[in-house]
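As a plain string of letters, each chain reads:
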Amino acid sequence: MRSALVIARRELAGYVSTPMGWIVAATILLLDGLLFYALALGPAAGPRLSAEVLSRFFWTTSGLVPIAAVTLSVRLLTEERQLDTLVLLSTAPVRDREIVLGKFLAALAFLALLTLLTVYMPLLVLVNGKISVGQVGVGYLGLLLLGGAVLAIGLFASCLTRHTLLAVALGAAITAGMFLLYPLGTVIDPPLGGVLRALSLHGEHFFGFQTGAMHLRDVVYYLSVIYFFLLVSTKVLEAKRWE
Amino acid sequence: MGVSRQAPGWLTWVLAGGLALVFLGERILSGASTARLVASSAGSLLVLASAAWRVASWQRARAEGPPEAARVEAQLALAHAGCVLALALYFLSTDAGMSLLRLDFADEAARGRYRTALQVLWATVAAVSLLPALVAGLAHGARSGADAGGLLEAERVGEAFNAGLVIALAGTLLFVVGFVAARRDRSLDLGYFRTSSPGTATTALARSLHDPLQVLLFFPDASPVKGEVEDYFQALARSGVRLRVEEHDRLADPDVSRRFDVRDDGTVVLMSADRKGRVVLPVEMEQARGRLRTLDRDVQTQLLRLVRTKRVAYMTVGHGELNDTVSEADLAQKGLGGVDAMRSLLGLLNYEVMNLSLTTGLGRDVPTDAAVVLVLGPRRSFLPEELAVLDRYLARGGSLLLALQPRSDFRLGPLERRLGVRFDGVPLADDQQFVRRRGDRTDRGLLVTDRFSSHVAVKTASLAGSDAAALFPDPGRLEAADSATVHPVFLVHTLPSSFLDLNGNYEADGPREKRGTYNLAAAVQPDSARALVYADAEMFTDAVLSSSRINASLAADGVRWLGREEALSGTVASEEDVPIQHTQAQDVGWFYSTILGAPALVLVFGLVGVRRRRRSGRQA
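Residues numbered from 1 in each chain as written. Chains lettered and ligands numbered in written order. Predicted model: local features only at pLDDT ≥ 70, side-chain atom pairs only at ≥ 80, totals over all residues. Heavy atoms only, no water.

Caption draft 1: Local environment of the overall build of chain A. For chain A, the count of helices and strands is twelve helices and two strands. Listing each helix as α and each strand as β along chain A from the N terminus yields α-α-β-α-α-α-α-α-α-α-α-α-β-α. Here chain A has a C-alpha radius of gyration of 19 Å; the compact-globule value for 243 residues is 18 Å, and the two agree. C-alpha extents for chain A along the principal axes are approximately 60 × 45 × 30 Å. Out of the 243 residues belonging to chain A, those deemed buried represent 54%. Looking at chain A alone, contacts between residues at least 24 apart form 73% of all its contacts between residues at least 6 apart. (Helix = DSSP H or I, 4+ residues; strand = E, 2+ residues; numbered from the N terminus. Rg over C-alpha atoms; globule rule 2.2 N^0.38 Å. Buried < 20%, exposed > 50% of the residue type's maximum accessible area, 1.4 Å probe, protein only. Contact = heavy atoms within 4.5 Å.)

Printed below as a string of structure tokens:
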């Protein structure tokens, strides 16, 4: 675990000590602000109850967090391969799962920082409306779990190839596919439709977080997705040692 | 010799193809019996053939090949056999399979349980068999051309097989965990919730009771709602109201329940002297949340029944008023709704609302039981006889609420002299302070103002503070009539940035369209009568009353003043959610802070930090 934390610290420093990390953060904030203003708060959105405005904020942000997560995660291992530093990492006295965990934790920490920077938007609603701090907290927990799940998917994609673009395409395709399971599940007959909806990354697993209701099933789902893709990433990394 | 010699690499793909064909037949072609039979049979045959080939290959490798190759073939054969087993389990879960086994179930539930168990089982077996086979097949295929040495290659394929198995088992386990979590779900709702506290209007009302207030709570002991209701009444008692709270269990105290005719748990009986009122709440917190947010409103309604009997409020009809059916389409098009909210408010204040038309009194005389008459936004003029009836009603001490609308044919006639107020139908606009709703220039007609006098008819609004504004959609203006013998008190004024929009283009163009503070409401007391005149009627529509608490307070305080109940004026506490609305100026501020301010701040902060770190690194 200590090795994982050392790797995480090194990776996190890489994010905050380069202009790119801050440019990504500012871009995400700008887009989130635009969406928040256009779809939730601004005159075009019409007069809405404060809880509804907050729910829309989390809904729009839940579209941006996966984009940021894919962008952040795909470079984690592809970059190591491109710079030929993965060999150094692989020959170091660390296990593959520690490499994967360390990189994941670093990306998750930066994503959390990036997500929490948007907190001024719910606070604007809190000033004029009737929402609770708990509702805001649950919404952010949902965003972090969703972001963590997409980070794990992106990390898996970055394990598969040394080309960043291909990794982005793969990560985005898996994420989009898992997002689309929900609308697909609504048109397919049960029991398969129900299974697809239950596997969907967004949809019914995120609705509760939007409204301040935290469900055990949703938390378990996101943690399962994170664990599963980190496990697969570790296995892929182990298999790559044979190359 | 490499392991690839034992069986072709594509055999695993034949297995996967066979299973896909079965899926196609059973799920997608299930409606077409022939196609289903062909696809499912072909798929099953492929699975069986590939499994047989793999087993034969394993036997051959065991007899002839190196032991490491035999081990890999054994693993693959096991995976293929697993897929055959999954198919068999699937078959046993179908109607055909069940009839083959001659299974007889006690009921449909038992049949369903059997089917579900087998469905979970075959899916699990298929996953833990197919995935390792595919992963091993991929690893196998990747080196099929190279003869990397038997032992190393077998190790590699074996490890890939194990990795696939671990992933499949983990996936299956997580699936089961997810299923159990969904079935035994627990939730924590942290959405906004607070029981309303007693508002000043309720407190004033309770204090005005001659006899002490008795509150009887009929809740089960375990109900968490009881505590919330108790807290509310304790807060009311702390504000100087003489009250006594009694707790009863409806089932344990059947005599008391019968005496107060209580049939449901969650009943709150309010009693003063011989009058009774009741509020019935759900006993479970989940269902009671919404009602507890507006408990003060419910209690106030019941207290009003204890204070006095129901009164009658008449709304005039037949002149295109807001409450007239002919106005419905127009109001709906404007997105304003009707006047249901106003009717509810009157009901809350213990008024019964009735129509007053030419046939029901407006042609002869206002009925004697009229506590108040409301004229809400007439678009057509009243007959001289109708105006004379209203004039006579005021002369004998009646109460009248007149809400007028620009661009209408209505004229005050003799009422102008009686009330001392003249209505100017030129609409007002404001290009600086207005509410954004439609996103175009017409929004400038949605005036907001926080300029209220200290008159009791606008008491709550005047005490609400500078950030509390009322909305006046497309108002006209009021002036003192020239030949008036009574002097109106102007209650509400526009902000100084408003102007007369003579040409209706929502622009302040020309000296005639001058900016200034204009009167929007007036209170008049000619002799013993009372009248309120508003230069806007749409401020009493559903869309406005439900979104602006200040507008609602103007309506409530106005009706209380007209009904000589101004002592009961005050706020109704509510924890109901409120719409987020802001003026154009606030919009601009919010826009720049959310769109540009925050991202720019983060960027500058980040880049300065990076630069500093680099500089200190160079110096070091």
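Caption draft 2: Broad picture of the overall build of chain B. Helices and strands together make up the secondary structure of chain B, namely 20 helices and 20 strands. The C-alpha atoms of chain B give a radius of gyration of 40 Å, which is well past the 25 Å a tight globule of 620 residues would have. Along the first, second and third principal axes, the C-alpha set of chain B runs to 125 × 80 × 65 Å. With 620 residues in all, chain B has 49% of them scored as buried. In chain B, the proportion of contacts linking residues at least 24 apart, taken out of those at least 6 apart, comes to 73%. Split by element, the accessible area of chain B, about 29000 Å² in all, is 56% carbon and sulfur. (Areas by Shrake-Rupley, 256 points an atom, 1.4 Å probe, with all protein chains shown as cover.)

Caption draft 3: View of the pattern of salt bridges. Per the counting criterion, the structure on display carries 34 salt bridges over all chains. The closest approach of N and O atoms between Glu98 of chain A and Arg95 of chain A, which form a salt bridge, is 3.4 Å. In the salt-bridge network here, residues are joined through shared partners; they are Arg422, Asp424, Arg477 and Glu479 of chain B. (Salt bridge = Lys/Arg side-chain N within 4 Å of Asp/Glu carboxyl O.)

Caption draft 4: Examining the interface of chain B and chain A more closely. Taken together, the contacts link 55 residues of chain B with 58 residues of chain A. Both faces considered, chain B and chain A share a buried interface measuring about 4700 Å² in area, 72% of it formed by carbon and sulfur atoms. The interface formed by chain B and chain A holds one salt bridge in total. Residue Asp185 of chain B is joined to Arg217 of chain A by a salt bridge in which the shortest nitrogen-to-oxygen separation is 3.0 Å. At the boundary of chain B with chain A, the tally comes to nine residue pairs in polar contact (both at pLDDT 80 or more). (Buried area = accessible area lost by both parts, 1.4 Å probe. Polar contact = N/O pair within 3.5 Å; in protein donor to acceptor, adjacent residues only side chain to side chain.)

Caption draft 5: Region of the structure containing the domain arrangement of chain B. Residue and element names in this part refer to chain B. Parsing chain B into structural domains produces domain 1 (3-183), domain 2 (200-304), domain 3 (308-427 + 456-464 + 474-496 + 518-572) and domain 4 (586-620). One C-alpha centre belongs to domain 2, the other to domain 3, and the line joining them spans 34 Å. If you look at the interface, domain 2 gives twelve residues, while domain 3 gives 13 residues. At the boundary of domain 2 with domain 3, total buried surface from both sides reaches about 1000 Å², with 56% on carbon and sulfur atoms. (Domains from an automatic or database assignment.)

Caption draft 6: View of the side chain of Ser132 of chain A. Of note, Ser132 of chain A is situated in the loop between helix H7 (120-128) and helix H8 (133-160). Separated by 2.5 Å, the side chain of Ser132 of chain A and the backbone oxygen of Leu190 of chain B make a polar contact.

Caption draft 7: A look at the confidence of the model for chain A. Looking at chain A, the pLDDT average stands at 87 and 97% of residues meet or exceed 70. No element of chain A has a lower mean pLDDT than helix H5 (residues 86-91) of chain A, at 74, and none a higher one than H8 of chain A, at 94. (pLDDT = per-residue confidence, 0-100.)

Caption draft 8: Local environment of a positive patch on the surface. All names here are of chain B. A cluster of basic residues, Arg611, Arg612, Arg614, Arg615 and Arg618, forms a positive patch at the surface. Structurally, the position occupied by Arg611 is in helix H20 (residues 584-619). For Arg611, a relative accessible area of 56% translates into the label exposed. (Patch = residues over 30% accessible without salt bridge, like charges linked within 9 Å, V, L, I, M, F, W, Y side chains within 5 Å. Lys, Arg positive; Asp, Glu negative; His and termini not counted. Charge placed at Lys NZ, Arg CZ, Asp CG, Glu CD.)

Caption draft 9: Just the packing of H8 of chain A against helix H9 (residues 164-187) of chain A, in detail. Residues and elements named next belong to chain A. Contact geometry for H8 and H9: axes closest at 8 Å, N-to-C directions at 140°. Comparing their axes, H9 and H8 come out oblique. In the crossing of H8 with H9, the sense of the turn from one axis to the other is right-handed. On H9, the residues that touch Leu146, Val150, Ile153, Phe156, Ala157, Ser158 and Leu160 of H8 are Ala167, Leu170, Gly171, Ile174, Thr175, Met178 and Phe179. Looking at the contact of H8 with H9, its residues break down into eleven nonpolar, three polar and no charged. (Axes fitted to C-alpha atoms, helices over the stretch in contact; angles between N-to-C directions. Parallel < 35°, antiparallel > 145°, perpendicular 65-115°, else oblique. Left-handed = near helix turned anticlockwise from the far one by under 90°. Nonpolar A, V, L, I, M, F, W, Y, C, P; charged D, E, K, R; others polar.)

Caption draft 10: Quick peek at the pairing of strand S5 (residues 275-280) of chain B. All names here are of chain B. As paired strands, strand S4 (residues 267-272) and S5 are joined by six bridges and run antiparallel to one another. Across the sheet, residue Val269 finds its bridge partner in S5, namely Arg278. Connecting S4 to the next strand, S5, in antiparallel fashion are two residues, including Ala273 with a positive phi near 55°. (Pairing = 2+ DSSP bridges.)

Caption draft 11: Here's a closer look at the side chain of Asp536 of chain B. Residue and element names in this part refer to chain B. Relative to the assigned elements, Asp536 resides in the loop between strand S19 (530-534) and helix H18 (542-547). Looking at Asp536, its side chain comes within polar contact range of the main-chain nitrogen of Met539, at 3.4 Å. Those residues in contact with Asp536 that sit more than four places away from it in its chain are Ala403, Leu404, Gln405, Phe472, Pro473, Asp474 and Pro475.

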